[in-house]
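# Per-entry structural report
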Amino acid sequence: MTFQIVDKRSTGTRAAGKLWKSWASNSSPIFNKLTIFTSKLNKILINKRIASRTVIPANPKVISIGNLSLGGSGKTPLAIKIASDLQETGLKVAILVRGYGSADAGPFIVGAENKNAGDEALMIAQALPEAVVVQSRDRVQGYNQVKDIVDIVIIEDGFQTAGLNRHIDFLILDKWDFQRGTPVPQIGNVIPWGPFRESIDAIDRADCLLVPAEDTQDTLPTDYNGIPIFSYSRNSILSLDDTGDYALISGIANPEQFEKQCIRKLGRNPVASYRYDDHKAYSQADIGQIIDNHDNTETTWFTTAKDYVKLADIWPDSVKVQVVDLQINWLGASPIQFILHEKGE
């Protein structure tokens, strides 16, 4: 996979990635002791936070969608998919988001044109106009704002965080391998020694696992150590004629995955890929520099839905841009019936 990569991410982000990659193969006794100690301390702190969560009544039902890695696991598209499926059953849904990239602590209800909102909050509001999207760093305050007007509340990215209790915890198991037909979690070192928030035993806290399975021919079991598994495929929606050049721009946690998806779908490499820090607040100067470096007006630029909510107002009309939508499809059983059953429908 050879093409021009213009890495605009901060020095710290790039250095951390290199260190984590090198530390992943470090098996020295001293390093192992450090990682074990860090994991135990991390577990104590998270368990203390969980124990202090605000108790909530049976209704509205609260579900959380989270992961073990630091980012890039697709929490937001999955939250949108589950919320959309729940809406199709006639339920009124609210989604609580922290509002990364926004200076506004909230709580406030996010409209499709609310420029004070974080990129993920705005992306969800645009994708789900019938849902109630609330940005609030304090999830309890956000919950209190909607608890009397909805049937279900979804906490986006709340497995470790959020001082709000929940009835169902969904955990995305995005890094895994098969051993004798069983998905085995591929969990590395916990921060600061690696890109994971928690160690493997945190899986025991989950009520359900969400497992991407479009790249395997194996048949997934229906549970992992008694925890139900719901598998899904991810399909990038984009198109380009057979001869046109394309380039990429993204400010996400895992730009490499975005690049692979586009290359797989289009069957050829981009001329360039611009990588920015997650939740990048793009400026006119950023876009001007990109366009100056690639002044071919026939080039089509692809970006993510999360990035486009910030690019839409500053992207020049003369330059072609296309949003890569990520389509989620359940493979086999859907988690919706599990949610409805737990809800007592």
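All values derive from a computational prediction rather than experimental measurement.

### Some remarks on the overall build of the chain
- Across its full length, the chain carries 9 helices and 16 strands.
- Computed over its C-alpha atoms, the radius of gyration of the chain comes to 21 Å, within 12% of the 20 Å expected for a compact globule of 345 residues.
- Of all intrachain contacts in the chain linking residues separated by at least 6 positions in sequence, the fraction that spans at least 24 positions is 72%.
- When the accessible surface of the chain is split by element, carbon and sulfur atoms take 49% of a total near 16300 Å².

### Notes on empty space enclosed by the protein
- Throughout the structure, instances matching the rule amount to 1 cavity of 30 Å³ or more.
- What the largest cavity holds in volume is close to 40 Å³.
- Lining the largest cavity, in full, are Leu68, Leu171, Ile172, Leu173, Asp174, Lys175, Ile187 and Phe196.
- Class assignment for the residues of the lining of the largest cavity results in 6 nonpolar, no polar and 2 charged.

### Here we look at the side chain of Ser39
- Here Ser39 shows up in helix 2 (residues 29-51).
- Apart from residues no more than four positions distant in its own chain, Ser39 is found in contact with Val190 and Ser199.

### Some points on the nonpolar core
- Residues Ile82, Leu86, Ile154, Leu210 and Ile339 are the most contacted members of the largest nonpolar core, which totals 38 residues.
- The element best represented in this core is helix 3 (residues 75-88), accounting for 6 residues.
- Dropping the residues within four chain positions of it, Ile82 is found in contact with Ile63, Ile65, Ile154, Leu210, Trp330, Ile336 and Ile339.
- Residues Leu171, Trp176, Leu220 and Tyr224 belong to the second largest nonpolar core, which totals 17 residues.

### Some remarks on the layout of surface pockets
- Volume-wise, the second largest pocket comes out at about 300 Å³.
- Lining the second largest pocket are 19 residues, and of these Lys115, Ala117, Ala281, Val309 and Lys310 sit closest to its centre.
- Looking at the lining of the second largest pocket, the elements that each hand over two or more residues are helix 4 (119-127) and helix 8 (305-311).

### Focus: the packing of aromatic side chains
- Summed over the entire model, instances satisfying the criterion amount to 9 aromatic pairs.
- Judged by centre distance (5.7 Å) and plane angle (75°), the ring pair of Tyr246 and Phe302 falls under edge-to-face. Of this pair, Tyr246 sits in strand 13 (residues 246-250) while Phe302 sits in strand 15 (residues 300-304), and the two are 56 residues apart along the sequence.
- Given the relative accessible area of 1%, Tyr246 is considered buried.
- An aromatic cluster is built from Trp23, Phe31 and Trp193, whose rings are joined through pairwise contacts.
- Positioned above the aromatic ring of Phe159 is the side chain of Arg205, whose terminal nitrogen or guanidinium carbon lies 4.3 Å from the ring centre.

### Quick word on the pairing of strand 6 (residues 152-156)
- Most of strand 6 sits out of view: 5 of its 5 residues are buried.
- Burial along strand 6 is two-sided: the face carrying Ile152, Ile154 and Glu156 and the face carrying Val153 and Ile155 are both buried.
- When strand 3 (residues 93-97) meets strand 6, the two strands line up parallel, connected through 4 bridges. The partner of Leu96 across the bridge, within strand 6, is Ile155.

### Let's talk about a nonpolar patch on the surface
- A surface patch of nonpolar side chains, about 310 Å² in accessible area, is lined by Phe37, Leu41 and Leu45.
- Along the polypeptide, Leu45 turns up in helix 2.
- Residue classification places Leu45 among the partly exposed residues on the basis of a relative accessible area of 49%.

### Side note on unusual backbone geometry
- Each neighbour pair has its own omega, and for Gly106 with Pro107 the value is 10°, a cis peptide bond.
- Position of Pro107 relative to the elements: it lies in the loop between strand 3 and strand 4 (108-109).
- Between Ile191 and the following residue, Pro192, the backbone shows a cis peptide bond with an omega angle of 10°.
- One non-glycine residue, Asp157, adopts positive backbone phi at about 65°.
- Mapped onto the elements of the fold, Asp157 is located in the loop between strand 6 and strand 7 (168-172).
- By relative accessible area, which is 5% here, Asp157 ends up buried.
- Of note in the backbone geometry, His279 takes a positive phi value of approximately 65° without being a glycine.

Calculation criteria
- Residues numbered from 1 in each chain as written.
- Predicted model: local features only at pLDDT ≥ 70, side-chain atom pairs only at ≥ 80, totals over all residues.
- Heavy atoms only, no water.
- Helix = DSSP H or I, 4+ residues; strand = E, 2+ residues; numbered from the N terminus.
- Rg over C-alpha atoms; globule rule 2.2 N^0.38 Å.
- Contact = heavy atoms within 4.5 Å.
- Areas by Shrake-Rupley, 256 points an atom, 1.4 Å probe, with all protein chains shown as cover.
- 1 Å grid on protein atoms, 1.4 Å probe; cavity = no way out; pocket = protein on both sides within 12 Å on 5 of 7 lines; lining within 4 Å.
- Points joined across faces, edges and corners; volume = space filled by probe spheres on them.
- Nonpolar A, V, L, I, M, F, W, Y, C, P; charged D, E, K, R; others polar.
- Core = buried A, V, L, I, M, F, W, Y, C linked by side-chain atoms within 4.5 Å.
- Buried < 20%, exposed > 50% of the residue type's maximum accessible area, 1.4 Å probe, protein only.
- Phe/Tyr/Trp six-rings, centres within 6.5 Å; stacked < 30°, edge-to-face > 60°.
- Lys NZ or Arg CZ within 6 Å of the ring centre and 35° of its normal.
- Pairing = 2+ DSSP bridges.
- Patch = residues over 30% accessible without salt bridge, like charges linked within 9 Å, V, L, I, M, F, W, Y side chains within 5 Å.
- Salt bridge = Lys/Arg side-chain N within 4 Å of Asp/Glu carboxyl O.

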